[in-house]
Amino acid sequence: MLELYDGSLDVSDILKRWYEEEATSNYGAYIPFVGTVRSEDGIDGLSFDIYEPILKSWFEAWQQKAKAKGAVIKMAHSRGDVMLHESSYIASVFSPKRRVALEFIDEFVEDFKASAPIWKYDLIDGKRVYAKDRSTAIKGSGILGK
Amino acid sequence: MIRVEFLGPIQKEPLELEITNLNQLAKILQDDKEMTQWLDNSAVAVNDTLVSSLEAPLKDGDKVSLLPPVCGG
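This report concerns the structure included in the present document.

## With respect to the overall build of chain B
Moving on, step 1. Looking only at helices and strands, one finds two helices and five strands in chain B.
Moving on, step 2. Since a compact globule built from 73 residues should have a radius of gyration of about 11 Å, the 12 Å found for chain B is in line with a globular shape.
Moving on, step 3. Seen through its principal axes, chain B has C-alpha atoms that stretch 35 × 25 × 20 Å.
Moving on, step 4. Sorting the 73 residues of chain B into buried and exposed places 33% on the buried side.
Moving on, step 5. Within chain B, contacts between residues separated by at least 24 positions form 54% of all contacts whose residues are at least 6 apart in sequence.

Right, here's the structure in full:
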């Protein structure tokens with residue numbers, strides 16, 4: 001399940017709803033990761049662009065990997081502006097046993113950072129500044145260069 | 001006609017080009033000063049599937065997307 005929202009995430013509502021959705025699915029482990037905007041470098045918040053077609057196919061490939069291990073992934077992400085101390089990202093793994101979920105959440109979030117087509121901007125003095133230094137080129141990038 | 005879209009922070013309007021492969025697109029964009037900072041670090045998708053070489057042929061109506069470095073979360 002992939003959920004995209006305009007603005008910040010209602011973390012309590014999403015985690016509670018996902019918990020209730022799987023409460024009787026016989027999963028022994030539910031491991032959520034919540035990403036929250038921190039105050040640093042004078043930013044007022046962050047802002048995000050998402051390219052949905054490729055995000056959806058990337059997520060679906062991970063869901064198939066999870067399914068092969070008897071697990072399920074749920075993810076929520078913000079579009080647009082998210083201010084300090086609000087949350088922009090939740091990834092959760094449900095699995096029969098804890099080890100699969102612990103390993104999966106780590107692999108999933110790392111690949112999310114490296115591959116998911118989402119662009120981050122710092123909000124500074126009302127301007128949207130691309131977070132170039134914190135961004136990662138997608139694997140296989142650069143084929144159009146000299 | 002091939003539509004070329006520039007995603008995220010690349011501030012460039014889409015192009016409509018009469019090209020038949022990505023090599024031709026590479027040459028066009030290499031001559032575009034606006035694109036200098038993006039070509040070496042952007043991934044390329046054809047019809048929303050990432051590609052790893054310039055050899056893939058393009059056909060009329062295809063969409064090419066350029067994806068600069070990402071940072072979700």
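## What to know about the overall build of chain A
Moving on, step 1. Helix and strand counts for chain A come out as three helices and seven strands.
Moving on, step 2. Mapped in sequence order, the helices and strands of chain A form the string β-α-β-β-α-β-β-α-β-β.
Moving on, step 3. For 146 residues, the compact-globule formula gives about 15 Å, and the C-alpha radius of gyration of chain A, at 16 Å, lands near that figure.
Moving on, step 4. Dimensions of chain A along its principal axes, counting C-alpha atoms only, are 50 × 40 × 25 Å.
Moving on, step 5. Here chain A holds 146 residues, and 33% of them are scored as buried.
Moving on, step 6. Sequence separation of 24 or more characterises 73% of the internal contacts of chain A that already satisfy a separation of 6 or more.

## Some remarks on the interface of chain B and chain A
Moving on, step 1. On the side of chain A, 31 residues touch chain B, which itself brings 25 residues to the contact.
Moving on, step 2. The element contributing the most residues to the side of chain B that touches chain A is helix α1 (residues 22–30) of chain B, with four residues.
Moving on, step 3. In terms of residue class, the side of chain B that touches chain A is made up of 15 nonpolar, eight polar and two charged.

## Focus: helix α2 (residues 52–68) of chain A
Moving on, step 1. For α2 of chain A, built from 17 residues, the straight-helix expectation of 24 Å at 1.5 Å per residue is met to within 8% by its first-to-last C-alpha distance of 24 Å.
Moving on, step 2. Of all the positions in α2 of chain A, only I54, L55, W62 and A66 of chain A are classed as buried. With its buried residues spanning 120° around the axis, α2 of chain A presents them on a single face. Summarising the geometry of α2 of chain A, the exposed residues directed more than 90 degrees from the buried face are E60, A61, Q64, K67 and A68 of chain A.
Moving on, step 3. Buried residues along α2 of chain A sit in contact with β3 (45–50), β4 (72–83), β5 (87–95), α3 (98–115) and β6 (118–124) of chain A together with β3 (43–46) of chain B.
Moving on, step 4. Positive phi shows up at G70 of chain A, right after α2 of chain A, with a value of about 75°.

## Overview of the sheet that holds strand β5 (residues 63–67) of chain B
The pairing of strands in a sheet happens through backbone hydrogen bonds and is either parallel or antiparallel.
Residue and element names in this part refer to chain B.
Moving on, step 1. Pairing within the open sheet is mixed, and its five strands lie in the order β2-β1-β5-β3-β4. Strand pairing shows two members of the sheet lacking a second neighbour, β2 (15–17) and β4 (49–51), which therefore form its edges. If you compare each strand with its neighbour and ignore which way they point, the axes differ by 30° on average.
Moving on, step 2. As paired strands, strand β1 (residues 2–6) and β2 are joined by three bridges and run antiparallel to one another. Looking at the pairing, R3 lines up with E16 of β2.

## With respect to the nonpolar core
Moving on, step 1. One finds A71, I73, A91, V93, F104 and F108 of chain A to be the most contacted residues of the largest nonpolar core, which totals 51 residues.
Moving on, step 2. Among the elements that make up this core, the one with the highest residue count is α3 of chain A (six residues).

## As for unusual backbone geometry
All names here are of chain A.
Moving on, step 1. Of note, the phi angle at H85 is positive, near 70°, even though the residue is not glycine.
Moving on, step 2. Tracing the backbone through its elements, the reader meets H85 in the loop between β4 and β5.
Moving on, step 3. Judged by C-beta crowding, with 11 C-beta atoms within 10 Å, H85 ranks as exposed.

## Side note on the environment of L4 of chain A
Residue and element names in this part refer to chain A.
Moving on, step 1. With respect to the secondary-structure elements, L4 resides in strand β1 (residues 2–6).
Moving on, step 2. Through-space distance from the C-alpha of L4 to that of H77 is 5.1 Å; in sequence the pair is 73 residues apart.
Moving on, step 3. Residues contacting L4, with those up to four places away along its chain left out, are I50, H77 and R79.

Cut-offs applied
Residues numbered from 1 in each chain as written. Chains lettered and ligands numbered in written order. Predicted model: local features only at pLDDT ≥ 70, side-chain atom pairs only at ≥ 80, totals over all residues. Helix = DSSP H or I, 4+ residues; strand = E, 2+ residues; numbered from the N terminus. Rg over C-alpha atoms; globule rule 2.2 N^0.38 Å. Buried ≥ 20, exposed ≤ 12 C-beta atoms within 10 Å, placed from the backbone. Contact = placed C-beta atoms within 7 Å. Nonpolar A, V, L, I, M, F, W, Y, C, P; charged D, E, K, R; others polar. Expected span 1.5 Å × (residues − 1). Arc of directions from axis to C-beta. Pairing = 2+ DSSP bridges. Axes fitted to C-alpha atoms, helices over the stretch in contact; angles between N-to-C directions. Core = buried A, V, L, I, M, F, W, Y, C linked by C-beta atoms within 7 Å.

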